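Structural description and commentary
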Amino acid sequence: MDQIPSMNESNAESGGPVPENVFLIVNGTKAIPITEPVVRIGRSHDNTLVLDDPRISRHHAEIRLIRDHFVIFDLGSSGGTFLNGQRTSQGMLYPGDLISLANLKIVFMQGTHLPGRSAADSTASFKGPGQRPTVVFNTSIFRKRHKKGDGSG
């Protein structure tokens, strides 16, 4: 099984670029491209994605690119962050995952084109929520430290 990325290991440290064709679909109407390794989501205007909804916390959640995987983190929001219907403090994102902040629905998309944008667009391999298990981590997994000399790097 792949080693789970730690919370403080960003792609900036590992030298990996942000993949192309990654975006969030907000409430089914607005596509927001992800072009940075950290996307902050909330009501405050200093966030990457500003959501004007009183149920959203000022700094609600963050999506981070860690070792070529996108991971969502709840930032101690009052309403919580839900991934495919499960409340989570952090979880790995896969194409088609449904993120819920208050009543706001956000779909994470990666490696595909927006549906209906081109005739060559193939969605046959697309898996949406419920078609595979949701990966949700316990906070303690990310804070686990490796012992020196145990070969786990």
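Predicted model only: the values in this text are computed from it and were never measured. By convention here, each chain's residues receive numbers from 1 onward along its written sequence. Local features are withheld for residues below a pLDDT of 70 in this predicted model, meaning they are given only at 70 or higher, and side-chain atom pairs are given and counted only at 80 or more; totals for whole chains, interfaces and linings count all residues. Calculation of side-chain values draws on the structure's entire complement of heavy atoms; hydrogens and water are dropped beforehand.

Attention shifts here to the overall build of the protein chain. Here a helix means four or more residues in a row that DSSP labels H or I, a strand means two or more in a row labelled E, and each is numbered from the N terminus. Regarding its fold elements, the protein chain presents two helices and 11 strands. Mapped in sequence order, the helices and strands of the protein chain form the string α-β-β-β-β-β-β-β-β-β-β-β-α. Among the 153 residues that make up the protein chain, the fraction classed as buried is 37%. Element-wise, carbon and sulfur atoms account for 50% of the exposed surface of the protein chain, whose accessible area totals about 9300 Å². Throughout, exposure labels follow a simple rule: accessible area from a 1.4 Å probe, protein chains only, divided by the maximum for the residue type, with under 20% read as buried, over 50% as exposed, and the rest as partly exposed. Per-residue accessibility takes into account occlusion by the displayed protein chains alone, with areas from the Shrake-Rupley method and a 1.4 Å probe.

Tracing the backbone shows N47 in the loop between β3 (38–42) and β4 (49–50). Among the residues examined, N47 registers a relative accessible area of 7% and is labelled buried. Polar contact is the term for a pair of N or O atoms within 3.5 Å; when the atoms are in protein, one must be able to donate a hydrogen and the other to accept it, and sequence-neighboring residues count only if both atoms are side-chain atoms. A polar atom in the side chain of N47 sits 2.8 Å from the backbone oxygen of S44. A polar contact of 2.8 Å, which involves the side chain of N47, links it to the backbone oxygen of R58.

This part takes up the pairing of strand β5 (residues 61–66). Regular strands place their side chains on alternate faces of the sheet. Among the six residues of β5, six are classified as buried, and the element is accordingly described as predominantly covered. Two strands qualify as a pair provided DSSP detects at least 2 bridges between them. With six bridges connecting them, β5 and strand β6 (residues 69–74) associate as antiparallel partners. In the strand pairing of β6, R64 is matched with V71. Here β5 folds back onto β6, and the loop between the two strands holds two residues, one of which, R67, carries a positive phi near 50°.

A separate point is the nonpolar core. Side chains of a nonpolar character, in soluble globular proteins, are inclined to be buried together. Residues enter a nonpolar core if they are buried and are Ala, Val, Leu, Ile, Met, Phe, Trp, Tyr or Cys, with the set joined through side-chain atoms within 4.5 Å. Residues L24, L51, I63 and I99 are the most contacted members of the largest nonpolar core, which totals 22 residues. At the level of secondary structure, the elements contributing two or more residues to this core comprise β1 (22–26), β3, β5, β6, β10 (98–101) and β11 (104–110). Should any heavy atoms of two residues lie within 4.5 Å, those residues are considered in contact. Those residues in contact with L51 that sit more than four places away from it in its chain are V26, I41, G42, R43, I56, L101, L104 and I106.

Tracing the backbone shows D53 in the loop between β4 and β5. The exposure class assigned to D53 is buried, which follows from its relative accessible area of 13%.

Time to look at the pairing of β11. Alignment of β1 against β11, held across five bridges, turns out to be antiparallel. Its bridge partner being in β11, F23 is matched across the sheet by M109. Note that β10 and β11 share four bridges and pair antiparallel. Following the sheet pairing, L98 is matched in β11 by V107. Here β10 folds back onto β11, and the loop between the two strands holds two residues, one of which, A102, carries a positive phi near 55°.

Attention now goes to the sheet that holds β5. Spatial strand order, β4-β3-β5-β6-β9: five strands in an open sheet with mixed pairing. Pairing within the sheet leaves two strands with one partner each, and these edge strands are β4 and β9 (90–92). Sheet analysis places β3 next to β4, joined by two bridges and oriented parallel. Among the inter-strand pairings, G42 is bridged to a residue of β4, identified as V50.

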